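Here is how the chains run, residue by residue.
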There are 2 protein chains.
Amino acid sequence: MGDVFRALADPTRRALLDELQERDGQTLFELCTRLIQRHGVGSSRQAVSQHLEVLEQAGLVRTRREGRYKFHHLDTSPLRAIVERWRLDTEEGPCGSP
Amino acid sequence: MGDVFRALADPTRRALLDELQERDGQTLFELCTRLIQRHGVGSSRQAVSQHLEVLEQAGLVRTRREGRYKFHHLDTSPLRAIVERWRLDTEEGPCGSP
DNA sequence: TCGACAGGCAAGCAGGAACTTGCGTATCGT
DNA sequence: ACGATACGCAAGTTCCTGCTTGCCTGTCGA
């Protein structure tokens, strides 16, 4: 639980999640490249790799190996736990507004 | 935005939010006492005060002064921004399941 | 087979976060 | 008025985090 928030606390990691939401299943180098081009974040390969480790440990990213490539997939299920923790859905959610 | 996640990354601060959700409008000393009794967190007064400052800066807690007392109120609206950022409500939310 | 590519491991460093310590200020009760 | 209460401010300490640096492993193409 705390790992999820700690992972989301970093802007580079949030940019990684945004990038994966837009295009799922990217490799490390793809993410490095698109992070600079589309998000203006200029981090080294090792830095991004360590960020992805943190995201994976938090359960926000799942990986799949294939040969020498490692694809990263977004998993938003830990975020739903946040919604339920502070009951964000039962007060005046965007679904059933009477 | 980043301030919200950074504030939520700390377990003591999450306990403070839980405590405020259960009983809104508490003072600093009330929160210190109940943090030990109900959450098992033994932090000093200054530590809790600094945590509340972080939460207030993140917009998760709003304060109201009255004489020598300062009441703290929970505000979950920054958390709703999280829900909308990763579209947690439009995929298969707990409201309108077809 | 050999070089290039994709990624991993680990030590080290600079900056920040959390907590403590000590003192200061404003408010309330008596 | 005076002490007690509720809280604020600021420096110092310790620990964690993010990033770099350097080297290593595994995989693919020519």
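These figures come from a predicted structure and were not determined experimentally.

1. Some details on the side chain of B:Thr12
Move 1: Inspection of the secondary structure puts B:Thr12 in helix H2 (residues 11-22).
Move 2: Look past the residues within four positions of B:Thr12 in its chain and what remains in contact with it is B:Leu35, B:Val41, B:Ser43 and B:His51.

2. Some words on helix H5 (residues 77-85) of chain B
In an α-helix there are 3.6 residues to a turn, and that puts residues three or four apart on one side.
Move 1: If you check which residues of H5(B) are buried, you get B:Pro78, B:Leu79, B:Arg80, B:Ile82 and B:Val83.
Move 2: The secondary structure elements touched by the buried residues of H5(B) are helix H5 (77-85) of chain A together with helix H1 (2-8) of chain B.

3. Digging into the protein's contact with DNA strand C
Move 1: Neighbouring residues of DNA strand C: 20 residues in total, closest A:Phe29, A:Lys70, B:Arg13, B:Ser44 and B:His51.
Move 2: For DNA strand C, the fraction of protein-proximal atoms (within 4 Å) that sit in sugar or phosphate groups is 65%.
Move 3: Side-chain polar atom of A:Arg45 to a base oxygen of DNA strand C: 3.0 Å apart, as the coordinates give it.
Move 4: Interatomic distance of 3.2 Å between a side-chain N/O atom of B:Gln50 and a base oxygen of DNA strand C.
Move 5: Within the residue set of the surface near DNA strand C, elements represented by two or more residues are helix H3 (28-39), helix H4 (45-57) and strand E2 (69-74) of chain A together with helix H4 (45-57) of chain B.
Move 6: Its residues assigned to classes, the surface near DNA strand C shows 4 nonpolar, 8 polar and 8 charged.

4. Examining the environment of A:Arg34
All names here are of chain A.
Move 1: Relative to the assigned elements, Arg34 resides in helix H3.
Move 2: Put simply, Arg34 and Leu16 are 18 residues apart on the chain and 9.4 Å apart in space, counted from C-alpha to C-alpha.
Move 3: In contact with Arg34, other than residues within four places in its own chain, are Glu19, Arg23, Gln26 and His39.
Move 4: Looking at Arg34, its side chain comes within polar contact range of the side chain of Glu19, at 2.5 Å.

Conventions adopted
Residues numbered from 1 in each chain as written. Chains lettered and ligands numbered in written order. Predicted model: local features only at pLDDT ≥ 70, side-chain atom pairs only at ≥ 80, totals over all residues. Heavy atoms only, no water. Helix = DSSP H or I, 4+ residues; strand = E, 2+ residues; numbered from the N terminus. Contact = heavy atoms within 4.5 Å. Buried < 20%, exposed > 50% of the residue type's maximum accessible area, 1.4 Å probe, protein only. Near = heavy atom within 4 Å. Polar contact = N/O pair within 3.5 Å; in protein donor to acceptor, adjacent residues only side chain to side chain. Nonpolar A, V, L, I, M, F, W, Y, C, P; charged D, E, K, R; others polar.

By themselves, these figures tell us nothing about what the structure is for.
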